[in-house]
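Below are the chains, spelled out letter by letter.
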Amino acid sequence: KAGVTQTPRYLIKTRGQQVTLSCSPISGHRSVSWYQQTPGQGLQFLFEYFSETQRNKGNFPGRFSGRQFSNSRSEMNVSTLELGDSALYLCASSPAGTSGRTTDTQYFGPGTRLTVL
Amino acid sequence: TQLLEQSPQFLSIQEGENLTVYCNSSSVFSSLQWYRQEPGEGPVLLVTVVTGGEVKKLKRLTFQFGDARKDSSLHITAAQPGDTGLYLCAGRRIKAAGNKLTFGGGTRVLVKP
């Protein structure tokens, strides 16, 4: 089975621009979560999508948004980029079918390295 | 202040030595996971612990979940250069909806040959 794929792997943008990142989960997985990883803050949860609906959201400003398509692929968008948005953005998928299951493994993709100049 | 505190932040040891990484919190977690991340890659799950007091072994790695489900440890016996990487603990809080994981700050481990 193919793993989680993320595109692009690297991206350079300038302040004020917007960016869209893509994530294809493992076949059959319905839950997709997004995380931001920075040296200073570590890994922080952005949001989770399940069956095309956002069912969980972290503490990030509204400039960060996402969506999920009927095939479970997900995109996240960051508008009006700031220097502090430079980070590794990680996507994770899991087969989770029921909210609250405690042992659903999350499988991470390789991430998209975003640099904002 | 992070909800999950990992210590130490950095560990450099010689091949063959043992090491322990700690993950502590004042909150209770329904489960805790340990991941290892290598440069340029996403985290890879090593283990999930769900029962207070649980001990799991994965070859030379031993994972323990505290009785109160607030802390966990990872012990590596006879470390090898291939164990080098960033070790992350992540927990799912009690009553947390969906798949939100809270991560610790990570412990960077360097095993020198």
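That block above? That's the structure.
Predicted, not measured: the structure shown is a model, and the values here were computed from it.

Attention now moves to the overall build of chain B. Per the secondary structure count, chain B includes 0 helices and 11 strands. Listing every helix and strand of chain B by position from the N terminus yields β-β-β-β-β-β-β-β-β-β-β. The C-alpha atoms of chain B give 13 Å as radius of gyration, which agrees with the globular expectation for 113 residues (13 Å, within 12%). Evaluated residue by residue, chain B yields a buried proportion of 46% over its 113 residues. Pairs at least 24 apart in sequence give 55% of the contacts found in chain B among residues at least 6 apart. Total accessible area on chain B is roughly 5300 Å²; 50% of this is exposed by carbon and sulfur atoms.

The gaps of empty space that remain are located by a probe, the size of a water molecule, rolled over the atoms. By volume, the largest pocket is sized at about 630 Å³. Lining the largest pocket are 31 residues, with Gln-37 and Pro-39 of chain A together with Leu-86, Gly-105 and Arg-108 of chain B positioned closest to its centre. Listed by contribution, the elements that provide at least two residues to the lining of the largest pocket are strand S4 (31-38) and strand S5 (42-50) of chain A together with strand S1 (5-7), strand S9 (85-93) and strand S11 (107-112) of chain B. Counting residues per element, the lining of the largest pocket draws most heavily on S11 of chain B, which supplies 4 residues. Across the lining of the largest pocket, the residue classes break down as 10 nonpolar, 16 polar and 5 charged.

With that settled, consider the sheet that holds strand S7 (residues 61-65) of chain B. Residues and elements named next belong to chain B. Read from one edge of the open sheet, 5 strands run S1-S3-S8-S7-S6, paired in antiparallel fashion. Looking along the sheet, the strands with just one partner apiece sit at the ends: S1 and strand S6 (55-58). The average angle at which neighbouring strand axes cross in this sheet is 15 degrees, direction not considered. In this sheet, S7 lies alongside S6 in antiparallel orientation, the contact comprising 4 bridges. Across the sheet, Val-55 pairs through a bridge with Gln-64, a residue of S7.

Residues and elements named next belong to chain A. As for its position among the elements, His-29 is in the loop between strand S3 (19-24) and S4. What makes His-29 buried here is its relative accessible area of 9%. When near neighbours in sequence (up to four residues on either side) are disregarded, His-29 contacts Ser-72, Ser-93, Ser-94, Pro-95 and Tyr-107.

Another point: the sheet that holds S3 of chain A. All names here are of chain A. Judged by pairing direction, the sheet is antiparallel, and its 4 strands sit side by side in the order S1-S3-S8-S7 without closing on themselves. Both edges of this open sheet fall to strand S1 (5-7) and strand S7 (64-68), since each of them pairs with a single strand only. On average, adjacent strands in this sheet sit at an angle of 20 degrees to one another, irrespective of strand direction. Note that S3 and strand S8 (residues 74-78) share 5 bridges and pair antiparallel. The residue bridging Thr-20 from the neighbouring strand is Asn-77, located in S8.

Residue and element names in this part refer to chain B. Only one face of S7 is buried, namely the one carrying Leu-61, Phe-63 and Phe-65, since none of Thr-62 and Gln-64 on the opposite face is buried. Where S6 folds back onto S7 in an antiparallel hairpin, the turn is made up of 2 residues, including Lys-59, whose phi is positive at roughly 55 degrees. Pairing of S7 with strand S8 (residues 71-76), which is carried by 5 bridges, proceeds in the antiparallel orientation. Opposite Leu-61, over in S8, you have Ile-76 as the bridge partner. Hairpin connection of S7 to S8: 5 residues between the antiparallel strands, including Arg-69 at a positive phi of 60 degrees.

Residues and elements named next belong to chain B. Judged by nonpolar contacts, the single largest core of 22 residues is most densely connected at Leu-19, Trp-34, Phe-63, Leu-74 and Ile-76. If you list the elements that add at least two residues to this core, you get strand S2 (10-14), strand S3 (19-24), strand S4 (29-37), strand S5 (44-49), S7, S8, S9 and S11. Not counting the four nearest positions on each side in its chain, Ile-76 is found in contact with Glu-17, Asn-18, Leu-19, Arg-60, Leu-61, Asp-83 and Tyr-87.

Thresholds applied
- Residues numbered from 1 in each chain as written.
- Chains lettered and ligands numbered in written order.
- Predicted model: local features only at pLDDT ≥ 70, side-chain atom pairs only at ≥ 80, totals over all residues.
- Heavy atoms only, no water.
- Helix = DSSP H or I, 4+ residues; strand = E, 2+ residues; numbered from the N terminus.
- Rg over C-alpha atoms; globule rule 2.2 N^0.38 Å.
- Buried < 20%, exposed > 50% of the residue type's maximum accessible area, 1.4 Å probe, protein only.
- Contact = heavy atoms within 4.5 Å.
- Areas by Shrake-Rupley, 256 points an atom, 1.4 Å probe, with all protein chains shown as cover.
- 1 Å grid on protein atoms, 1.4 Å probe; cavity = no way out; pocket = protein on both sides within 12 Å on 5 of 7 lines; lining within 4 Å.
- Points joined across faces, edges and corners; volume = space filled by probe spheres on them.
- Nonpolar A, V, L, I, M, F, W, Y, C, P; charged D, E, K, R; others polar.
- Pairing = 2+ DSSP bridges.
- Axes fitted to C-alpha atoms, helices over the stretch in contact; angles between N-to-C directions.
- Core = buried A, V, L, I, M, F, W, Y, C linked by side-chain atoms within 4.5 Å.

In short, the description is geometric, and any link to function would need to be established separately.
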